[in-house]
Amino acid sequence: MIPAKGYAAKGPGSRLEPYSFQRRDPGDHDVVIDIKYCGICHTDIHQVSDGWGGSTYPMVPGHEIAGTVSRVGPKVTRFREGDKVGVGCFVDSCRTCDPCKKGLEQYCRGGMVTTYNGTEKDGKTPTQGGYSDRIVVDENYVLSMPANLPLDRSAPLLCAGVTLYSPLVHWKAGPGKKVGIIGLGGLGHVGVKIAHALGAEVTVLSHSPAKRDDAKRLGADKFYATADPATFDSLKGYFDLLINTVSSETDLNQFLDLLALDGTMVLVGIPETQATVGAFSLVAGRRNLAGSLIGGIKETQEMLDFCSKNDISCDIELIPIQGVNEAYQRILKSDVRYRFVIDSKTIGQA
Ligand code: NAP
Ligand code: ZN
Ligand code: ZN
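If you're wondering where the values come from, they're calculated on a predicted model, not measured in any experiment. (Residues numbered from 1 in each chain as written. Chains lettered and ligands numbered in written order. Predicted model: local features only at pLDDT ≥ 70, side-chain atom pairs only at ≥ 80, totals over all residues. Heavy atoms only, no water.)

Peer 1: Give me a nonpolar patch on the surface: which residues, what numbers.
Peer 2: Where nonpolar side chains cluster on the molecular surface, the patch consists of Trp52, Leu104, Tyr107, Ile270 and Leu293 and spans about 400 Å² of accessible area. Mapped onto the elements of the fold, Trp52 is located in the loop between helix H1 (42-48) and strand E4 (65-72). Among the residues examined, Trp52 registers a relative accessible area of 33% and is labelled partly exposed. (Patch = residues over 30% accessible without salt bridge, like charges linked within 9 Å, V, L, I, M, F, W, Y side chains within 5 Å. Areas by Shrake-Rupley, 256 points an atom, 1.4 Å probe, with all protein chains shown as cover. Salt bridge = Lys/Arg side-chain N within 4 Å of Asp/Glu carboxyl O. Helix = DSSP H or I, 4+ residues; strand = E, 2+ residues; numbered from the N terminus. Buried < 20%, exposed > 50% of the residue type's maximum accessible area, 1.4 Å probe, protein only.)

Here's what the structure looks like:
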């Protein structure tokens with residue numbers, strides 16, 4: 001076994017504390033990664049607090065992992081020592097079901113093996129995530145990080161980036177399409193950059209006016225505050241595609257009314273409570289309500305290559321691991337511009 005150090009929550013909602021544990025010895029197809037950076041996703045907060053239910057502890061969160069390869073198993077073909085690599089939200093899947101065969105491992109019928117708060121394929125070892133100094137992952141679930149982008153700023157692409165890229169591409173955001181991004185946080189801000197690079201007209205819908213200048217700087221054409229009721233009058237029937245990234249419950253009907261004929265709202269934010277949708281909001285305008293979960297390995301690599309080509313990386317606040325609990329509090333107040341990233345070299349320091 002390989003000793004690893006990280007930060008873990010010991011129970012629902014508890015503070016993250018230093019934690020020592022073991023990683024498996026690399027098998028034939030495994031890559032050992034020295035973690036350099038790990039983004040903090042709002043999902044980490046939902047899971048640490050057990051807001052969605054089913055959490056297990058101790059839990060080392062983190063699924064926006066970037067680092068370098070320190071060792072490879074004898075049959076690894078795609079990576080070598082020293083390569084810049086990434087790991088996103090899952091580290092394995094059944095590999096045989098239809099979605100897996102199509103490269104849509106995130107929709108694996110047997111359930112993907114999540115990077116943390118899951119169980120390894122041995123059926124018993126809990127998975128532990130990227131708020132740690134190293135990780136061992138099968139090479140088929142490892143991504144190549146773009147050489148031209150800073151590793152700390154590209155770590156959040158591994159969840160936030162692909163979570164927005166996937167629905168934007170699937171629902172054909174591009175020239176002539178009016179796209180609205182609801183919520184300008186970690187997911188939202190990278191969504192604005194990607195939708196802009198795809199050539200769509202991009203509008204940010206943020207709850208207050210505070211992020212107006214940032215939205216424009218990130219590439220938005222328009223900005224509206226949802227706290228202003230006039231927003232919902234002036235944008236009625238406007239959008240072809242809305243991507244809702246908000247982490248807490250919103251009035252979905254109010255947003256559905258902003259869709260044009262045949263428009264689609266895609267939920268990517270996952271609030272801890274269940275919303276109500278009225279049939280009128282959908283039947284009027286033949287509207288669609290959909291959801292989307294991260295992206296498969298192939299699509300994640302495609303997204304990284306797209307970001308490399310378009311010079312897209314995330315706006316981050318780099319923090320020492322000792323600041324993680326305070327960062328959680330700030331995320332809950334929507335006070336992050338726009339992703340906290342842990343500098344892993346601080347793990348193990350006092
Ligand atoms: P985040 O950085 O906290 O951003 C969420 C944004 O939602 C905030 O910046 C804020 O934007 C808005 N918001 C938050 N609370 C609000 C409230 N009470 N009323 C109105 N707006 C509010 O979180 P994130 O990391 O982007 O994640 C967002 C959500 O997506 C989480 O639920 C997360 O679990 C989920 N997620 C889903 C997937 C997937 O595959 N589907 C992947 C990753 C994350 P404004 O200040 O602009 O209003
Ligand atoms: Zn995430
Ligand atoms: Zn599968």
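Back to the text.
Peer 1: Describe the coordination of the zinc ion (ligand 2), listing the residues and the values that go with them.
Peer 2: The coordination sphere of the zinc ion (ligand 2), as far as protein atoms go, consists of Cys41 (SG), His63 (NE2) and Cys159 (SG), spread over 2.0 to 2.3 Å. Positions of the donor residues of the zinc ion (ligand 2) along the chain correspond to the pattern C-x21-H-x95-C. On the criterion of sequence distance, the pair formed by Cys41 in the loop between strand E3 (30-39) and H1 and His63 in the loop between H1 and E4 is long-range, its members being 22 residues apart. On the basis of relative accessibility, which here comes to 3%, the residue Cys41 falls in the buried class. Owing to a relative accessible area of 5%, His63 belongs among the buried residues under this scheme. (Donors = N, O, S within 2.8 Å, 3.2 Å for Na, K, Ca; no water.)

Peer 1: Let's hear about the nonpolar core: which residues, and what values?
Peer 2: Among the nonpolar cores identified, the biggest contains 89 residues, and Ile40, Tyr131, Leu168 and Ile194 are the most heavily contacted of them. Sequence-distant contacts of Leu168, defined by excluding residues within four places in its chain, comprise Ala173, Val179, Gly191, Ile194, Ala195, Leu198, Leu241 and Ile243. Of all hydrophobic cores here, the second largest spans 13 residues; its members include Leu205, Tyr238, Leu252 and Leu258. (Core = buried A, V, L, I, M, F, W, Y, C linked by side-chain atoms within 4.5 Å. Contact = heavy atoms within 4.5 Å.)

Peer 1: Residue-level account of the coordination of the zinc ion (ligand 3), with values.
Peer 2: Distances from the zinc ion (ligand 3) to its protein donors, namely Cys94 (SG), Cys97 (SG), Cys100 (SG) and Cys108 (SG), fall within the range 2.3 to 2.4 Å. Of note is the zinc ion (ligand 3), whose four donor atoms meet at the metal with angles of 104 to 119° in an arrangement that counts as tetrahedral. Counting the intervening residues between successive donors of the zinc ion (ligand 3) yields the motif C-x2-C-x2-C-x7-C. When its relative accessible area of 26% is taken as the criterion, Cys94 is described as partly exposed. (Tetrahedral: all angles 85-135°; square planar, octahedral: opposite > 155°, others 65-115°.)

Peer 1: Would you mind going over the side chain of Asn117 in detail, with residue names and values included?
Peer 2: Along the chain, Asn117 turns up in the loop between strand E7 (113-114) and strand E8 (134-138). What makes Asn117 buried here is its relative accessible area of 15%. Of note is the side chain of Asn117, whose polar atom sits 2.8 Å from the side chain of Gln47. (Polar contact = N/O pair within 3.5 Å; in protein donor to acceptor, adjacent residues only side chain to side chain.)

Peer 1: Describe the pairing of E3, listing the residues and the values that go with them.
Peer 2: Within E3, eight of the ten residues are buried, which leaves the element mostly enclosed by the surrounding structure. As paired elements, E3 and E8 share five bridges and run antiparallel to each other. Considered in E8, the bridge of Val31 is made with Val137. In terms of strand pairing, E3 meets E4 through seven bridges, oriented antiparallel. Across the sheet, Ile35 pairs through a bridge with Gly67, a residue of E4. Bridge analysis of E3 against strand E17 (residues 339-343) gives three bridges, and the strand direction is antiparallel. Bridge assignment links Tyr37 to a residue of E17, and that residue is Asp343. (Pairing = 2+ DSSP bridges.)

Peer 1: Talk me through the pattern of salt bridges; I want residue IDs and the actual numbers.
Peer 2: Overall, the coordinates contain 19 salt bridges when judged by the stated rule. A salt bridge links Asp92 to Lys121, with the shortest nitrogen-to-oxygen separation between them at 3.6 Å. Of this pair, Asp92 sits in strand E6 (residues 90-92) while Lys121 is found in the loop between E7 and E8, placing the two residues 29 residues apart along the sequence. Under the relative-accessibility criterion, Lys121 is labelled partly exposed at 49%.

Peer 1: Give me the site of ligand 1: which residues, what numbers.
Peer 2: Close to ligand 1 lie 28 residues; Leu184, Ser206, His207, Lys211 and Arg339 are nearest. Taking His42, its side chain carries an N or O atom lying 2.7 Å from an oxygen atom of ligand 1. Leu187 places a polar main-chain atom, nitrogen or oxygen, 2.8 Å from an oxygen atom of ligand 1. Contact with the protein chains removes 89% of the 910 Å² of surface that ligand 1 exposes when unbound. Elements supplying a minimum of two residues to the shell around ligand 1: H1 and helix H5 (186-197). Counting residues per element, the shell around ligand 1 draws most heavily on H1, which supplies three residues. Looking at the shell around ligand 1 residue by residue, the class counts come to eleven nonpolar, 15 polar and two charged. (Near = heavy atom within 4 Å. Nonpolar A, V, L, I, M, F, W, Y, C, P; charged D, E, K, R; others polar.)

Peer 1: Which residues make up the domain arrangement of the protein chain, and what values do they have?
Peer 2: For the protein chain, the domain assignment lists domain 1 (2-159 + 315-346) and domain 2 (160-291). Its C-alpha centre places domain 1 at a distance of 27 Å from the equivalent point of domain 2. Both sides together, the interface formed by domain 1 and domain 2 hides about 1,500 Å², and carbon and sulfur atoms give 47% of it. The largest per-residue losses of area from domain 1 upon contact with domain 2 belong to Cys159, Asp315 and Tyr338, which jointly make up 39% of the total buried on that side. Taken together, domain 1 and domain 2 are joined by three salt bridges. (Domains from an automatic or database assignment. Buried area = accessible area lost by both parts, 1.4 Å probe.)

Peer 1: Just give me the short version of the packing of helix H4 (residues 160-170) against helix H10 (residues 297-309), but keep the residues and values in it.
Peer 2: At their nearest, the axes of H4 and H10 sit 9 Å apart, and the two run at 100° to each other. Comparing their axes, H10 and H4 come out roughly perpendicular. Note on element contacts: H10 touches H4 through Glu299, Thr300, Glu302, Met303 and Phe306, opposite Gly161, Val162, Tyr165 and Ser166. Across the contact of H4 with H10, the residue classes break down as four nonpolar, three polar and two charged. (Axes fitted to C-alpha atoms, helices over the stretch in contact; angles between N-to-C directions. Parallel < 35°, antiparallel > 145°, perpendicular 65-115°, else oblique.)

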